[in-house]
Amino acid sequence: MWIIDVSILEGGACMISYEPLWKTMKDRGITTYTLIYKNGFSAYTITNLKRNKSITMNTLEKLCSVLNCTP
């Protein structure tokens, strides 16, 4: 199961989408509340995810661990 979708735009720029993350979370019954209050993610990180902004590799690794999936 994947949690990130990356598209290469004209000119070589990358567009990151976390739509697969939200689908995976929904399928597994995990909410943003769970990520924040039970798994220690910051509200700022959740905001970045919702806005398709960059996250750290540490955050990505932690998400994959919580969701038992790959990037």
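Thresholds, definitions, all that
Residues numbered from 1 in each chain as written. Predicted model: local features only at pLDDT ≥ 70, side-chain atom pairs only at ≥ 80, totals over all residues. Heavy atoms only, no water. Helix = DSSP H or I, 4+ residues; strand = E, 2+ residues; numbered from the N terminus. Rg over C-alpha atoms; globule rule 2.2 N^0.38 Å. Buried < 20%, exposed > 50% of the residue type's maximum accessible area, 1.4 Å probe, protein only. Contact = heavy atoms within 4.5 Å. Pairing = 2+ DSSP bridges. Salt bridge = Lys/Arg side-chain N within 4 Å of Asp/Glu carboxyl O. pLDDT = per-residue confidence, 0-100.

**Q** Would you take a moment to explain the overall build of the chain for this structure?
**A** From N to C terminus, the chain includes 4 helices and 2 strands. Radius of gyration (C-alpha) of the chain: 12 Å, near the 11 Å computed for a compact globule of 71 residues. If you line up the chain on its principal axes, its C-alpha atoms span 40 × 25 × 20 Å. The burial tally for the chain puts 28% of its 71 residues in the buried class. Sequence-distant contacts, at least 24 apart, represent 44% of the contacts inside the chain between residues at least 6 apart.

**Q** Where do I start with the pairing of strand β1 (residues 5-8) in this structure?
**A** Of the pairings in the sheet, the one linking β1 to strand β2 (residues 14-17) comprises 4 bridges and is antiparallel in character. Directly across from Val 6, in β2, lies its bridge partner Ile 16. Here β1 folds back onto β2 in antiparallel fashion, the turn holding 5 residues, of which Gly 11 has a positive phi close to 90 degrees.

**Q** Just to check I follow, could you spell out the pattern of salt bridges for this structure?
**A** Pairing between side chains of opposite charge can happen when their charged atoms approach one another. Enumeration according to the criterion identifies 1 salt bridge in this entry. In this structure, the salt-bridge partner of Asp 27 is Lys 23, at a minimum N-O distance of 3.0 Å. In this pair, Asp 27 and Lys 23 both sit in helix α1 (residues 19-28), 4 residues apart, roughly one turn of the helix.

**Q** Honestly, the confidence of the model for the chain in this entry has me stumped. Any pointers?
**A** Regions with low pLDDT should not have their predicted coordinates read in detail. Residues of the chain with pLDDT of at least 70 account for 97%, and the chain-wide mean is 89. When mean pLDDT is taken per element in the chain, helix α2 (residues 32-37) scores highest with 97 and β1 scores lowest with 75.

**Q** Any chance you could explain the environment of Leu 35 here in plain terms?
**A** Tracing the sequence through the fold places Leu 35 in helix α2. Taking the C-alpha atoms as reference points, Leu 35 and Leu 63, separated by 28 residues in sequence, lie 8.6 Å from one another. If near-sequence neighbours (up to four positions away) are discounted, Leu 35 is found in contact with Met 25, Ile 30, Gly 40, Phe 41, Ile 46, Leu 63 and Val 66.

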